[in-house]
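Descriptive analysis of the structure
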Amino acid sequence: MPTTEQRVAIVTGGARGIGAATAVRLAAEGRAVAVLDLDESACADVVEKITAAGGRALAVGCDVSDTEQVEAAVARVADELGAPTVLVNNAGVLRDNLLFKMSDSDWDTVMNVHLRGAFLMSRACQKHMVDAGFGRIVNLSSSSALGNRGQANYAAAKAGLQGFTKTLAKELGKFGITANAVAPGFIVTDMTAATAARVGMGFEDFQKAAASQIPVQRVGRPEDIANAIAFFTGEEAGFVSGQVLYVAGGPLD
Ligand SMILES: NC(=O)c1ccc[n+]([C@@H]2O[C@H](COP(=O)([O-])OP(=O)(O)OC[C@H]3O[C@@H](n4cnc5c(N)ncnc54)[C@H](O)[C@@H]3O)[C@@H](O)[C@H]2O)c1
């Protein structure tokens, strides 16, 4: 159903990578976009890109794992851009290690950013969505949710986000709110560049090796994920909820 109202979206981890591409894409779809990341100044380039193209955007500094910062950030977005009714929980970190070397803090950091962050942001935004009778929540899962060596923390968090997503879909559906998860495969960002560095490979070689294992024979770009997120956040996607879409250039085992 078309709407004349400009919806307000929040994209966490929006300063770079998949989040930046998503912020730009949602703005191109006509959304006003809060580009939220740890450091407000790091969001400036994305905000500038959106406003230069005629859109509305706001840079917001916030650690998604901190309750007070999240509450303040969402209140500020509501104040300065309007009630947020589209939320993309994209902020993420890696603390990869084999289980026997994984520290308590490697575990806690990953759980806090991915799971607690998505929980806090969703809880803070849902009241605006309920009031509006409309909401779109997209959580970033990963192909690693199926299990990945060296990522016990990350795989658990990304699988956890799938259960979280399905639960939100069940609880919030009656308010016109959908919740879905996008689970990317290999996407070229700082995150995969850091993984290449950790395993001692050049990023180009790392990408080539990854591409050779992917049915479409290329690695993903942030825009590939932004495209899937744009679908789930669309006005017309109101009957699609509680789904996990793997966007990985092919099926996964
Ligand atoms: N790149 C991939 O191949 C890939 C694959 C599957 C899933 N993902 C997921 O997609 C999302 C985006 O990944 P990316 O590759 O663009 O990563 P990235 O590292 O390039 O960007 C992540 C962003 O999140 C921000 N961030 C980290 N902790 C934060 C916090 N506590 N509060 C607010 N912002 C925080 C970072 O500052 C950064 O700007 C992540 O959730 C990631 O797990 C990525």
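- The name given to the chain in an unreviewed UniProt entry is 3-oxoacyl-[acyl-carrier protein] reductase, with the source organism recorded as Streptomyces radiopugnans.
- Turning to the chain, the UniProt record has this under Sequence similarities (unreviewed entry): "Belongs to the short-chain dehydrogenases/reductases (SDR) family."

1. Description of the site of the ligand
- Neighbouring the ligand are 28 residues; Arg-16, Asp-37, Asn-90, Tyr-154 and Thr-189 lie closest to it.
- Here Arg-16 contributes a side-chain N or O atom positioned 2.8 Å from an oxygen atom of the ligand.
- At 2.8 Å, a backbone N or O of Asn-90 approaches an oxygen atom of the ligand.
- Here the ligand has 830 Å² of accessible area as a free molecule, and 94% of this is covered by the chains.
- With three residues, helix H6 (residues 190–198) is the largest single contributor of residues to the shell around the ligand.

2. A look at empty space enclosed by the protein
- Per the stated rule, a full pass over the model turns up one cavity of 30 Å³ or more.
- Its volume calculated, the largest cavity comes out at about 70 Å³.
- Taken together, 13 residues line the largest cavity, and the ones lying closest to its centre are Asn-89, Asn-90, Ala-91, Val-113 and His-114.
- When residues of the lining of the largest cavity are traced back to their parent elements, those giving at least two are helix H4 (104–132) and helix H5 (152–172).
- At five residues, H4 tops the list of elements feeding residues into the lining of the largest cavity.

3. Digging into the environment of Ala-23
- Among the secondary structure elements, Ala-23 is positioned in helix H1 (residues 17–28).
- Sequence-wise, Ala-23 and Ile-10 are 13 residues apart; in three dimensions their C-alpha atoms are separated by 8.1 Å.
- In this structure, Ala-23 is in contact with Val-11, Val-33, Val-35, Val-46 and Ile-50, ignoring residues within four places of it in sequence.

4. Focus: the sheet that holds strand S3 (residues 57–61)
- In spatial order, the strands read S3-S2-S1-S4-S5-S6-S7; together these seven strands make up an open sheet with parallel pairing. Of all the strands in the sheet, just S3 and strand S7 (244–247) have a single pairing partner and so form its edges. Strand-to-strand twist of the sheet, defined as the mean angle between neighbouring strand axes without regard to direction, takes the value 20°.
- With four bridges joining them, strand S6 (residues 177–184) and S7 adopt parallel strand pairing. For Val-182, the partnering residue across the bridge sits in S7 and is Leu-245.
- The sheet contacts of helix H3 (residues 67–80) involve strand S1 (8–12), strand S2 (32–37), S3 and strand S4 (84–89), and relative to S3 the element is tilted by about 160°.
- Packed on one face of the sheet, H4 meets S1, S2, S4, strand S5 (135–140) and S6 and runs near 160° to S4.

5. What about the nonpolar core?
- In terms of nonpolar packing, the biggest core is built from 31 residues, with Ile-10, Leu-36, Val-77, Met-121 and Ile-137 touching the most fellow members.
- Every element with two or more residues in this core is listed here: S1, S2, S3, H3, H4, H5 and S6.
- In terms of residue count, H4 provides more of this core than any other element does, seven residues in total.
- Each residue touching Val-77, except ones within four places of it in the same chain, is listed here: Val-8, Ile-10, Ala-34, Leu-58, Val-60, Gly-82 and Pro-84.
- Counting residues in hydrophobic clusters, the runner-up holds 29 residues, among them Val-35, Val-47, Ala-59 and Val-138.

6. Looking at H3
- Across its 14 residues, H3 extends 20 Å between first and last C-alpha, which sits within 8% of the 20 Å expected from 1.5 Å per residue.
- Residues of H3 that are buried: Val-70, Ala-73, Val-74 and Val-77. Considered in projection along H3, the buried side chains sweep an arc of 95° and stay on one side of the axis. The exposed set on the far side of H3, more than 90 degrees from its buried face, consists of Glu-68 and Asp-79.
- Taken together, the buried residues of H3 touch S1, S2, S3, S4 and H4.
- Regarding H3, its N-cap is Asp-66, as a side-chain oxygen of that residue lies 3.1 Å from the backbone nitrogen of Glu-68 further along.
- Looking one or two residues past H3, Gly-82 carries a phi angle of roughly 130°, positive in sign.

What counts and how
- Within every chain, residues take consecutive numbers counted from 1 along the sequence as written.
- A pLDDT threshold of at least 70 governs which residues receive local features in this predicted model, and a stricter bar of 80 or more applies before side-chain atom pairs are shown or counted, although totals over entire chains, interfaces and linings include all residues.
- Water and hydrogen atoms were dropped before computing side-chain values, which therefore reflect all heavy atoms in the structure.
- UniProt positions are given in the numbering used here, feature names are shortened, and annotations may be inferred rather than shown by experiment.
- Neighbouring residues are identified by heavy atoms, a residue being near a molecule or strand if any of them is within 4 Å of it.
- Think of a polar contact as two N or O atoms within 3.5 Å of one another; within protein, one of them needs to be a possible hydrogen donor and the other a possible acceptor, and neighboring residues in sequence only count if both atoms come from side chains.
- We get accessible surface area from the Shrake-Rupley algorithm with a probe of 1.4 Å; when it comes to residues, only the shown protein chains can shield them.
- Only DSSP runs of H or I covering at least 4 residues are called helices, and only runs of E covering at least 2 are called strands; the numbering of each starts at the N terminus.
- A cavity here means a set of points on a 1 Å grid, drawn over the protein atoms and nothing else, where a 1.4 Å probe fits but cannot get out; a pocket is an open set with protein on both sides within 12 Å along at least five of seven lines, and a residue lines either one if it has an atom within 4 Å of a point.
- Grid points are joined across faces, edges and corners, and a volume is the space filled by probe spheres set on the points.
- We call two residues contacting when some pair of their heavy atoms lies within 4.5 Å.
- DSSP-based pairing: two strands are paired if at least 2 bridges between them are found.
- Under this scheme, a helix contributes an axis fitted over its contacting stretch, all axes are lines through C-alpha atoms, and angles between N-to-C directions fall in the 0 to 180 degree range.
- To define a nonpolar core, start from buried Ala, Val, Leu, Ile, Met, Phe, Trp, Tyr and Cys residues and group those joined through side-chain atoms within 4.5 Å.
- For every residue, the accessible area (1.4 Å probe, protein chains only) is compared with the maximum for its type, and the residue is labelled buried under 20%, exposed over 50%, or partly exposed between those bounds.
- To estimate the expected span of a helix, subtract one from its residue number and multiply by 1.5 Å.
- To obtain the arc, one takes the directions from the helix axis to the C-beta atoms.

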